[in-house]
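Breakdown of the fold
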Amino acid sequence: YQIGDKSKKKLVPGQSVSNKVKELFIVCKNMRVLSFGFKDADKDNGRQIANGLLHHAYPKRHPLLFMYDIKEPYNKPITKEARLYVTAEDWRKDLTRCKAKKWRISDVNKNFSVTLHMPEYLVVPETITNSQISTAARDFRNEGFPVWVWGTEHAALVRMPDLLPSLTDRVQENILITQVHKSHPRTQPIIVDLSRDCPTPKEVQSSYSKLKNLCTPDSVRVYKAQDFKFYGLLDQSKWLHHISMCLSKAVECAKVLVDDTTTVILQEDKGEDMNCVVSSLIQLLLDHHWRTRKGFQSLIQKEWVALGHPFAFRLGHILDPDIEPSFLFLLFLDCVWQMLQQFPTAFQFSETYLTTIWDSSHITIFETFLFNSEHSRFLAGKQSTLRSVWNWSEQFSESDITLFDNPLYERSNKERLIPSTGISCLDVWRQCYFRWIPDLEIRNGGRPQIDICNRFLSEELELLRHKLATSNFNGAINKTKEEKLQILRRVNSFYPFSHNCASADQQLNNQLLLSSDALETQSIYNLATD
């Protein structure tokens, strides 16, 4: 927003400001609010800065993003952090782990010869030929076709786009579904139409906009007015309603896959939006492998990055009037956060990790969430160095990264998850949405206090295990009770995103929290002293 002498005006990307600007009120995509005043500045400073932001924050072409201008050498492998699903071997490991015997890896899309929207290697029924796939793909939106993404010995989870709107017969679709059925012939596959059963991208974005307005008041007066009827406004946004719908559909499909041992085929318009959300949630419910940090990063790589969620469009990285932004990725992360609240020992990662992923999706240094497809990423890699967001050491120190770990995680917890999906069972992701509202922060309190206590207890248990296992162990608990209390007194409810979190001179144990080293300005963990 531009605030002039007597008026307040919402600035439009792609346009310029001609009159005097006294103050700028900026709402970022992650709901961070920044306010700049130019009362004591030179006459044109406000206008120049406003025009500069409007120009550089909304590039009109993808090559104008910051990633293309970085010249710093980068050659860090990320194979230990995540599988990228750009090679046949990555898919082969999944087939082996899932014991899926009647599926094969196809190179039908080698050199992106069939479709630009999918990776070069994909898993398809072993009875189907590459020529059949090439022929059938012409009838589907985005030249797509059914692909295996997860399964068991008895059933499979398959993703598929819809047929072209101009087609009336479904001959090619039926041919492919018949081949899917042959892989698991005991029961007929069930097709789940997500275009009908889940919110559309437009509905998700409309809901997010209402949620953003609720979480980014531009004045104390607006904040108090909204606070009086907060839950009514939250309900009107339908954000929790959409989360409930996605979780319910995932639970329903998981039941069909496991209890009924029936193959589930997820289908939507282009197969690149809600397919990503529901497919990812189903796998998190059924497979503990994806609940580890590396597994979760690999899941995002497979379901979102490799299979072509259009991040450049949906996250609004470029300015184009024909593009429809939609924060479906945030909807997914919020669904995962809801599961983390209901099953606090089932996930290896913490809510801070999920919040950091959302923040990192808007940093145009990293390629992971910048492209619409593997083909676009492949072309960009020919002219620029690609940096993966999963190399967290590029942003944070090792001691910072420990905050991504869940101290309550039980590695032995391999059970199927069945979350409660009713809206009354869901909550607002406070850390992600409220952290930039100072009036909502609880000083010396909140959930981070519990998290830190859990980390202290986890450390003590680990030291005791070493002591019992080693006869000559001389280790000791690193911090006294008083030292721990001093740390807790300096931690607020939005830690580590708080404006007044633990100061830099409070050196926490490396196995738990932050080191005493201050971080760079772009880091979320900047520490402020009192």
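All values derive from a computational prediction rather than experimental measurement.

The rules we used
Residues numbered from 1 in each chain as written. Predicted model: local features only at pLDDT ≥ 70, side-chain atom pairs only at ≥ 80, totals over all residues. Heavy atoms only, no water. Helix = DSSP H or I, 4+ residues; strand = E, 2+ residues; numbered from the N terminus. Rg over C-alpha atoms; globule rule 2.2 N^0.38 Å. Contact = heavy atoms within 4.5 Å. Core = buried A, V, L, I, M, F, W, Y, C linked by side-chain atoms within 4.5 Å. Buried < 20%, exposed > 50% of the residue type's maximum accessible area, 1.4 Å probe, protein only. Patch = residues over 30% accessible without salt bridge, like charges linked within 9 Å, V, L, I, M, F, W, Y side chains within 5 Å. Areas by Shrake-Rupley, 256 points an atom, 1.4 Å probe, with all protein chains shown as cover. Salt bridge = Lys/Arg side-chain N within 4 Å of Asp/Glu carboxyl O. Lys, Arg positive; Asp, Glu negative; His and termini not counted. Charge placed at Lys NZ, Arg CZ, Asp CG, Glu CD. Pairing = 2+ DSSP bridges. UniProt positions renumbered as here; feature names shortened; annotations may be inferred. Disulfide = S-S within 2.5 Å. Axes fitted to C-alpha atoms, helices over the stretch in contact; angles between N-to-C directions. Parallel < 35°, antiparallel > 145°, perpendicular 65-115°, else oblique. Nonpolar A, V, L, I, M, F, W, Y, C, P; charged D, E, K, R; others polar. Expected span 1.5 Å × (residues − 1). 1 Å grid on protein atoms, 1.4 Å probe; cavity = no way out; pocket = protein on both sides within 12 Å on 5 of 7 lines; lining within 4 Å. Points joined across faces, edges and corners; volume = space filled by probe spheres on them. Phe/Tyr/Trp six-rings, centres within 6.5 Å; stacked < 30°, edge-to-face > 60°. Lys NZ or Arg CZ within 6 Å of the ring centre and 35° of its normal.

If you tally the helices and strands in the chain, you get 19 helices and 10 strands. In summary, the chain has a C-alpha radius of gyration of 25 Å against a globular reference of 24 Å for 530 residues, a match within 12%. Expressed along its principal axes, the backbone C-alpha trace of the chain runs to roughly 75 × 70 × 50 Å. Long-range contacts, defined here as pairs at least 24 residues apart, represent 72% of the contacts in the chain between residues at least 6 apart.

Before going further, it helps to examine the nonpolar core. Of all hydrophobic cores here, the largest spans 115 residues; its most connected members are Phe145, Phe296, Phe332 and Tyr433. In terms of residue count, helix α13 (residues 328–342) provides more of this core than any other element does, 11 residues in total. Setting aside its immediate chain neighbours within four residues, Phe145 contacts Val108, Val114, Met118, Leu122, Val124, Ile133, Ala137, Arg159, Met160, Pro161 and Leu176. Counting residues in each nonpolar core, the second largest holds seven residues, with Leu11, Val17, Leu24 and Phe38 among its members.

Another point: a positive patch on the surface. Taken together, the side chains of Lys20, Lys22, Lys39 and Lys43 present a region of like positive charge at the surface. Looking at the element boundaries, Lys22 is found in the loop between β2 (8–9) and β3 (23–27).

Across the six residues of strand β8 (residues 156–161), six count as buried, placing the element largely inside the fold. The two faces of β8 match: Ala156, Val158 and Met160 on one face and Leu157, Arg159 and Pro161 on the other face are all buried. One ladder, built from four bridges, connects strand β7 (residues 147–151) with β8; its direction is antiparallel. Within β8, the residue paired with Trp148 across the bridge is Val158. The sheet contact formed by β8 and strand β10 (residues 264–268) spans five bridges and is parallel. Bridge assignment links Met160 to a residue of β10, and that residue is Gln267.

Below, the discussion takes up the pairing of strand β4 (residues 33–37). Pairing of β3 with β4, which is carried by five bridges, proceeds in the antiparallel orientation. What sits directly across from Leu24, in β4, is Phe36. Between β3 and β4, which pair antiparallel one after the other, the connecting turn spans five residues, and Met31 there sits at a positive phi close to 75°.

A separate point is the UniProt feature "domain: Myotubularin phosphatase" (unreviewed entry) in the chain. Look at the UniProt record and you will see "domain: Myotubularin phosphatase" (unreviewed entry) annotated at residues 85–433. The span residues 85–433 is 46% helix and 8% strand, and its two end C-alpha atoms sit 32 Å from each other.

Going through the model one piece at a time under the given rule, you end up with zero disulfides. No disulfide involves Cys432; its sulfur sits 9.0 Å from the nearest other cysteine sulfur, which is in Cys215.

The next thing to look at is the packing of α13 against helix α14 (residues 351–360). It is at 10 Å that the axes of α13 and α14 come closest, and there the two elements cross at 180°. By the criterion of interaxial angle, the relationship of α13 to α14 is roughly antiparallel. Packed against α13, whose contacting residues are Phe329, Leu330, Leu333, Val336, Trp337 and Leu340, the element α14 presents Glu351, Leu354, Ile357 and Trp358 at the interface. The residue inventory of the contact of α13 with α14, partitioned by class, reads nine nonpolar, no polar and one charged.

If you check α13, its first and last C-alpha atoms are 22 Å apart, about what 15 residues at 1.5 Å a residue would give, namely 21 Å. Within α13, 13 of the 15 residues are buried, leaving the element largely enclosed by the surrounding structure.

As enumerated under the stated definition, the model contains three cavities of 30 Å³ or more in all. By volume, the largest cavity amounts to about 140 Å³. Counting residues per element, the lining of the largest cavity draws most heavily on β8, which supplies three residues. When its residues are assigned to classes, the lining of the largest cavity shows six nonpolar, six polar and four charged.

Our next topic: the packing of aromatic side chains. Under the definition given, this model contains 28 aromatic pairs. Taking 5.5 Å as the distance between ring centres and 85° as the angle between the ring planes, the aromatic pair formed by Phe311 and Phe329 counts as edge-to-face. Placement of the pair is Phe311 in helix α12 (residues 311–314) and Phe329 in helix α13, with a sequence separation of 18 residues. The class of Phe311 is buried, set by a relative accessible area of 0%. Ring geometry for Trp390 against Trp392: centres 6.0 Å apart, planes inclined by 70°, an arrangement best described as edge-to-face. According to the relative accessible area criterion, Trp390 is buried, its value standing at 0%. In this structure Trp392 comes out as buried when scored by relative accessible area, which is 3%. Residue placement shows Arg97 over the ring face of Trp290; its charged tip is 5.2 Å from the ring centre.

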